[in-house]
Amino acid sequence: EALEAGRLPLAGRHVLITSGPTHEPIDPVRYIANRSSGKQGHALAAAAYAAGARVTLVSGPVDLPDPANVEVIRVQSAAEMLTAVETHLPADIAIMAAAVADWRVASEGAQKIKKDGSGKPPALQLTENPDILATVGHHDSLRPELLIGFAAETQNLIDNARSKLERKNADWIIANDVSPQTGIMGGDANTVRLVSRSGVEDWPEMSKADVARRIIARAAEALKG
Ligand code: CTP
Ligand code: CA
């Protein structure tokens, strides 16, 4: 009983987190990317470790130090991120905080694309990337007990978050408004809402570290219940 009382809430649990942007190669020297800093995903990894979990962090290219005591798997593209995630399941909790590029170039050039002198830009053919959250959400055997996604939106926040919850078979969507004037992309603060099948909770603005701690505390409670 005394030992039980001192046990960390996620002791014995495995938590898998994706973080950062992905880089989708165009040719050997160019890529498609987005403005994700990885701050929220990395903060989640640190919070999960602090709560006693074994943590795997699958991260796209970010300019952040590795969180301490976390296994960090570095990837570039969405395809590599999906492979790394599947390799490191099973997990009790998975949190997909990465801003995965939605499209990649259909056929990556083996050589640097050169101007051809005509003044006409090359036509880049795009193809859709695999959806990592949806793939994990619809996995028969490897779906984590608690699966959490994010929804970064600039309009219709709650409707879009709810449809992502259903389409990807997630348990929770952490919805945030990433309109440029919010300063959330790249900043240290975040204002989120927790969208689940039982409703929507508005959380006040807090640091990304506090958002992370609150998500992890809620996740630990959800596993117990
Ligand atoms: N996600 C993912 N794999 C993708 C795209 C998104 O795992 N190829 C995950 C993100 O990590 C996030 C959630 O899905 O947890 C929602 O990402 P978001 O970009 O908001 O949704 P999309 O389904 O890509 O829809 P859209 O960008 O068109 O709004
Ligand atoms: Ca997207």
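Looking at an unreviewed UniProt entry, one finds the protein named Coenzyme A biosynthesis bifunctional protein CoaBC and attributed to Roseibium salinum.

Participant: It is not clear to me how the nonpolar core should be interpreted in this structure. Could you clarify?
Facilitator: Across soluble globular proteins, nonpolar side chains show a tendency to be buried alongside one another. Counting 33 residues, the largest nonpolar core has L10, I17, L44, I93, I95, I148 and I215 as the members making the most contacts within it. The dominant element in this core, judged by the number of residues it contributes, is helix α6 (residues 208-224), at seven residues. Once you skip the residues sitting within four places of it in the chain, I17 turns out to touch G41, L44, A45, A48, V55, T56, L57, V58 and I95. In terms of nonpolar packing, the next biggest core, distinct from the first, is built from 26 residues, V58, M96, I158 and I173 among them.

Participant: Whenever I open this one, the layout of surface pockets confuses me. Can you help?
Facilitator: One simple way to see leftover space: roll a probe sized like a water molecule over the atoms. As a volume, the largest pocket reaches approximately 1,100 Å³. Surrounding the largest pocket, 39 residues form its lining, A98, A99, V100, D102 and A152 being those nearest its centre. Of all the secondary-structure elements, those providing two or more residues to the lining of the largest pocket are β1 (14-19), α2 (39-50), α4 (132-137), β9 (146-153) and α5 (157-167). Tallied by class, residues from the lining of the largest pocket come to 18 nonpolar, 13 polar and eight charged.

Participant: What's the story with the packing of aromatic side chains in this structure? I'm lost.
Facilitator: One pair of aromatic rings is described through two measures. These are the centre distance and the angle between the planes. Per the stated rule, a full pass over the model turns up zero aromatic pairs. The ring of W203 is capped by R214, whose NZ or CZ atom sits 4.5 Å from the centre of that ring. Looking at R218, its charged tip hangs above the ring of W172, at a distance of 5.9 Å from the centre.

Participant: Explanation requested: the UniProt feature "binding site: CTP" (unreviewed entry) in the protein in the structure shown.
Facilitator: Mapped onto the present numbering, the UniProt feature "binding site: CTP" (unreviewed entry) falls at D102, K112, P130, D131, I132, L133, F150, K164 and K168. Taken along the chain, the residues just named run across 67 residues; in space they spread out, the farthest C-alpha pair reaching 36.9 Å. As for the lining of the largest pocket, the annotated residues named previously contribute D102, P130, D131, I132, L133, F150, K164 and K168. Within the fold, D131 resides in the loop between β8 (126-128) and α4. Of the residues examined, D131 reaches a relative accessible area of 29% and is grouped as partly exposed. Among the polar contacts listed, one links the side chain of D131 to the backbone nitrogen of A134, at a separation of 2.9 Å. If you trace the backbone, K164 turns up in helix α5. Once residues within four sequence positions are removed from consideration, K164 is found in contact with A151, A152, E153, N169 and I173.

Participant: How do you make sense of the sheet that holds strand β10 (residues 172-177) when you look at a structure like this?
Facilitator: Where strands meet in a sheet, backbone hydrogen bonds hold them as pairs that are either parallel or antiparallel. Read across the sheet, eight strands follow the order β5-β4-β1-β6-β9-β10-β12-β13 without closing on themselves; strand pairing throughout is mixed. In this open sheet, the two edge strands, each paired with only one partner strand, are β5 (71-74) and β13 (199-202). Direction aside, the axes of adjacent strands within the sheet are offset by 15° on average. Inspection of the sheet shows β10 paired to strand β12 (residues 192-196) by five bridges, in the antiparallel sense. Bridge pairing links N176 to V192 in β12. Here α2 sits on the sheet and contacts β1, β4 (54-59), β6 (93-96) and β9; the angle it forms with β1, its principal contact strand, is near 165°.

Definitions and limits used
Residues numbered from 1 in each chain as written. Chains lettered and ligands numbered in written order. Predicted model: local features only at pLDDT ≥ 70, side-chain atom pairs only at ≥ 80, totals over all residues. Heavy atoms only, no water. Core = buried A, V, L, I, M, F, W, Y, C linked by side-chain atoms within 4.5 Å. Buried < 20%, exposed > 50% of the residue type's maximum accessible area, 1.4 Å probe, protein only. Helix = DSSP H or I, 4+ residues; strand = E, 2+ residues; numbered from the N terminus. Contact = heavy atoms within 4.5 Å. 1 Å grid on protein atoms, 1.4 Å probe; cavity = no way out; pocket = protein on both sides within 12 Å on 5 of 7 lines; lining within 4 Å. Points joined across faces, edges and corners; volume = space filled by probe spheres on them. Nonpolar A, V, L, I, M, F, W, Y, C, P; charged D, E, K, R; others polar. Phe/Tyr/Trp six-rings, centres within 6.5 Å; stacked < 30°, edge-to-face > 60°. Lys NZ or Arg CZ within 6 Å of the ring centre and 35° of its normal. UniProt positions renumbered as here; feature names shortened; annotations may be inferred. Polar contact = N/O pair within 3.5 Å; in protein donor to acceptor, adjacent residues only side chain to side chain. Pairing = 2+ DSSP bridges. Axes fitted to C-alpha atoms, helices over the stretch in contact; angles between N-to-C directions.

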